[in-house]
Amino acid sequence: MQRVLVMGSSGSGKSTFARRLSALTGIPTVSIDALFWKPGWVESDTDEFNRRMTAAAREPRWIMDGNYTKSGAGQLRRELSDTIIWFDLPRSTCMLGILGRIAASYGQVRPEMAEGCPEKIDLEFFRYVWTYRRQQRPKLIEYFSGLRADQSLVCFTNRGQADDYLNNLALQPNRASIH
């Protein structure tokens, strides 16, 4: 395990998982959101974002938290990753996740976000999470269909499975080389 994609709906726990996995393995995290957003929630230019993500993807070790399969060197990241962690959680879990996140960090910039992008109430974002399983999930399934046999896809359908995965990993010697 050297290059890990952590994917799934907003509010599923991707960022928390990525930070915990990094702490266990010593593999650095890369927040795709932090590379995409500019202060004031301004989107990056597509070419600029692709350049940033290509440079990050070419690093020898990373845990990348986020989706962006059609931009941000999405195909390159899939090609270079050895492990994909997919949070395929129910809508209710993700909605509660973002509501809890907003309640806990409203007005503050979360560690995985770009500077100048404080947590806020955003109805369009709520709609994105509400419709994620219907609109975005099929795109991820298609993205995963391009994986090679030597790449690992780990799917969590609840947060307890993610906790168990990390707890089991913590028991392994030489954690950074485990597939």
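See the structure printed just above.
As the structure is a prediction and not an experimental result, all values here were calculated from the model. Think of each chain on its own: its residues are numbered from 1, step by step along the sequence as written. Since the coordinates come from a predicted model, pLDDT governs what is reported: local features require at least 70, and pairs of side-chain atoms require 80 or more to be given and counted, while whole-chain, interface and lining totals use all residues. With hydrogens and water set aside, each side-chain value is computed from the structure's full complement of heavy atoms.

1. Regarding the pattern of salt bridges
Right, on to step 1. One speaks of a salt bridge when a side-chain nitrogen belonging to Lys or Arg is within 4 Å of a carboxyl oxygen belonging to Asp or Glu. In the structure shown here, the tally under the stated rule is 11 salt bridges.
Right, on to step 2. One salt bridge in this structure joins Arg19 and Glu112, with 2.9 Å as the shortest N-O distance. Here Glu112 lies in the loop between α5 (91-105) and α6 (123-130) and Arg19 lies in helix α1 (residues 14-25), a separation of 93 residues in the sequence.
Right, on to step 3. You can call Arg19 partly exposed: its relative accessible area is 38%.
Right, on to step 4. Between Arg137 and Asp88 there is a salt bridge, with its nearest N and O atoms 2.8 Å apart. Highlighted residues: Arg137 in helix α8 (residues 137-144) and Asp88 in the loop between β6 (83-87) and α5, separated in sequence by 49 residues.
Right, on to step 5. Classification of Arg137 as partly exposed rests on a relative accessible area of 23%. Each helix is a run of H or I in the DSSP string that is no shorter than four residues. Each strand is a run of E no shorter than two, and both are numbered from the N terminus. Each residue is assigned to one of three classes by its accessible area relative to the maximum for its type, calculated with a 1.4 Å probe on protein chains only: buried under 20%, partly exposed between the two thresholds, exposed over 50%.

2. Points about the side chain of Thr69
Right, on to step 1. Take Thr69: it is sitting in the loop between β5 (62-65) and α4 (74-80).
Right, on to step 2. Judged by relative accessible area, Thr69 falls into the buried class, the value being 11%.
Right, on to step 3. Contacts between residues were defined by any pair of non-hydrogen atoms, one from each residue, lying within 4.5 Å. Here Thr69 is in contact with Met7, Gly74, Gln75, Arg77, Leu140 and Tyr143, once residues within four sequence places are set aside.

3. Here we look at the nonpolar core
Right, on to step 1. Judged by nonpolar contacts, the single largest core of 24 residues is most densely connected at Leu5, Met7, Met64 and Phe144.
Right, on to step 2. Sorting the residues of this core by element identifies β1 (3-8), α2 (32-36), α3 (46-57), β5, β6 and α8 as the ones contributing at least two each.
Right, on to step 3. Top element by residues in this core is α3. It accounts for 4 residues.
Right, on to step 4. In contact with Met64, not counting residues within four places along its chain, are Val4, Leu5, Val6, Val30, Ile32, Met53, Ala56, Ala57 and Arg77. The definition of a nonpolar core used throughout is a set of buried Ala, Val, Leu, Ile, Met, Phe, Trp, Tyr and Cys residues joined through side-chain atoms within 4.5 Å.

4. Considerations on the packing of α5 against α6
Right, on to step 1. Axis separation between α5 and α6 bottoms out at 9 Å; the angle between their running directions is 155°. The orientation of α5 with respect to α6, classified from their angle, is roughly antiparallel. Seen along the crossing, α5 lies across α6 with a hand that is right-handed. Within the contact between the two elements, α5 uses Arg91, Cys94, Met95, Ile98, Leu99, Arg101 and Ile102 and α6 uses Phe125, Phe126, Val129 and Trp130. Here, axes are lines fitted to C-alpha atoms. For helices the fit covers the stretch in contact, and angles between N-to-C directions go from 0 to 180 degrees. Throughout this description, any angle smaller than 35 degrees is read as roughly parallel, any larger than 145 degrees as roughly antiparallel, any in the 65 to 115 degree range as roughly perpendicular, and the remainder as oblique. Note on convention: the crossing is left-handed when the near helix lies turned anticlockwise from the far helix by less than a right angle, right-handed when the turn is clockwise.

5. Quick notes on the pairing of β6
Right, on to step 1. Summarising burial for β6: 5 of the 5 residues are buried, a large majority.
Right, on to step 2. Because side chains alternate across β6, one face comprises the buried residues Thr83, Ile85 and Phe87, and the other comprises Ile84 and Trp86, equally buried.
Right, on to step 3. In this sheet, β6 lies alongside β1 in parallel orientation, the contact comprising 5 bridges. Along β6, the bridge assignment pairs Val6 with Ile85. By this definition, two strands are paired if DSSP reports at least two bridges between them.

6. A word on the side chain of Ser12
Right, on to step 1. Locating Ser12 in the fold gives a position in the loop between β1 and α1.
Right, on to step 2. Within 3.5 Å is the distance limit for a polar contact, defined as a pair of N or O atoms, with the added protein rule that one can donate a hydrogen and the other accept it, and that residues adjacent in sequence qualify only through two side-chain atoms. For Ser12, the side chain forms a polar contact with the main-chain oxygen of Ser9, separated by 2.7 Å.

7. Points about the sheet that holds strand β2 (residues 29-31)
Right, on to step 1. The 5 strands lie next to each other as β2-β5-β1-β6-β7, forming an open sheet whose pairing is parallel. Unpaired on one side and paired on the other, β2 and β7 (152-156) mark the two borders of the sheet. Within the sheet, the average angular offset between the axes of one strand and its neighbour, ignoring direction, is 20°.
Right, on to step 2. Along the sheet, helix α9 (residues 159-170) makes contact with β6 and β7, crossing β7 at roughly 130°.

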